[in-house]
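Observations on the model geometry
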Amino acid sequence: MNATEKVRIGTRGSPLALAQAHEVGARLAASCPSLAAPGAVDVVVIRTTGDAIQDRPLSEIGGKGLFTRELDEAMLRGDIDLAVHSMKDVPTVLPDGIDLPCMLEREDPRDAFLSLKASCLADLPSGSVVGTASLRRQAQILAHFPHLRVQILRGNVQTRMQRLEEGVVDATLLALAGLRRLGLDGRATSVLDTDEMLPAVAQGAIGITCRASHRAMYDILQPLSHLPTMICVSCERSFLQTLDGSCRTPIAGLAALIEDGTRLLLRGFVANPDGSGVRTGARTGLAEDAIRLGRDLAMELAASPCGRAYGMGG
């Protein structure tokens, strides 16, 4: 890049989103000497629909895209050069003119359990209230622990932790990756095994989008991209896309490289919001067939009686 150029990074304004954007900025400065000068990387905060509406579940106000739409629009206008996203918020189909050439190495994708009253979900007394805005978490909680209650709890990490401390809920679940990026992982009471709580598709991964026509961005992003993360997240997103997943359907998926990185193991979960109709499955295949592997597992779950019952797979 020209030494006089500036890279403008678009991001939401939450503490976690800002931490992720500044992490990307620091990595760009470290990998590209022309971006190490003061002011060469600028972080631009953009308020999204998902941030503006906090009194309703995401499923009621549009689902996927609520945390990315305004960033995409700013990028297409040329107001920003890059946008930094939590990959679990990114729709599986990107707008025309937007590309996703880079993902940072994935953090731990598991969910953390936070409570002042119990050490894990299994220790919560009957009738305890678990706060979450995620239908994925809700469905798995109710499937494993039907004696618990789930209450909608939205807001950023700090807001949800405050509601817990105020006694609004007895427990909550947060992505361990987000807590770590904020230096708050010590506040987690415990970390949930993926057999108990399968993560959201792409949880723990940071993605960076740019305009498809802005080829210079591809060059500066290439050193930051982590291929194993790209493979696993692409597999999970293929699974989600084939199920036509949105915030209205509880879907979870986690892919991992096995056998020295040559093969993938994908696990998937689909259910009704009340925890009924659970359908799980797993597939293994070559890492180079990641997208097909995700599609195949999705079609298997969609073809099941439970999958047909809640209209999966189109």
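Preceding this paragraph is the structure being described.
What comes next is a walk through the structure. Being a predicted model, the structure only gives us computed values, none of them experimental.

Considerations on the overall build of the protein
Tallying secondary structure elements over the protein gives 10 helices and 13 strands in all. Buried positions account for 52% of the 314 residues belonging to the protein. For the protein, contacts bridging at least 24 residues in sequence account for 68% of all contacts bridging at least 6. Counting only carbon and sulfur atoms, one obtains 49% of the accessible surface of the protein, whose full area is about 13300 Å².

Considerations on the side chain of T194
Within the secondary structure layout, T194 lies in the loop between β9 (190-191) and β10 (206-211). Polar side-chain contacts of T194 include one of 2.7 Å to the side chain of R267. The contacts of T194, once residues within four sequence positions are left out, are R110, P199, L254 and R267.

Digging into the packing of aromatic side chains
Under the criterion given, the structure shown has 0 aromatic pairs. The ring of Y218 is capped by R215, whose NZ or CZ atom sits 3.8 Å from the centre of that ring.

A short note on the pattern of salt bridges
Under the defined criterion, the tally for this structure stands at 17 salt bridges. As a salt-bridge pair, R163 and E166 come within 3.7 Å of each other at their nearest N and O atoms. Note on R163: relative accessible area 30%, which makes it partly exposed.

Some words on the nonpolar core
Core analysis: the biggest nonpolar cluster contains 27 residues, and M87, C235, F239, L243, L264 and L266 have the highest contact counts within it. Taken together, the elements giving at least two residues each to this core come down to β4 (98-103), α8 (227-242), β11 (251-258), β12 (263-270) and α9 (290-303). Top contributing element to this core by residue count: α8, with 7 residues. Here C235 is in contact with A255, L264, L266, A290, L293 and G294, once residues within four sequence places are set aside. Listed in part, the 20 residues of the second largest apolar core include V7, I9, A40 and I206.

About the thresholds
Residues numbered from 1 in each chain as written. Predicted model: local features only at pLDDT ≥ 70, side-chain atom pairs only at ≥ 80, totals over all residues. Heavy atoms only, no water. Helix = DSSP H or I, 4+ residues; strand = E, 2+ residues; numbered from the N terminus. Buried < 20%, exposed > 50% of the residue type's maximum accessible area, 1.4 Å probe, protein only. Contact = heavy atoms within 4.5 Å. Areas by Shrake-Rupley, 256 points an atom, 1.4 Å probe, with all protein chains shown as cover. Polar contact = N/O pair within 3.5 Å; in protein donor to acceptor, adjacent residues only side chain to side chain. Phe/Tyr/Trp six-rings, centres within 6.5 Å; stacked < 30°, edge-to-face > 60°. Lys NZ or Arg CZ within 6 Å of the ring centre and 35° of its normal. Salt bridge = Lys/Arg side-chain N within 4 Å of Asp/Glu carboxyl O. Core = buried A, V, L, I, M, F, W, Y, C linked by side-chain atoms within 4.5 Å.

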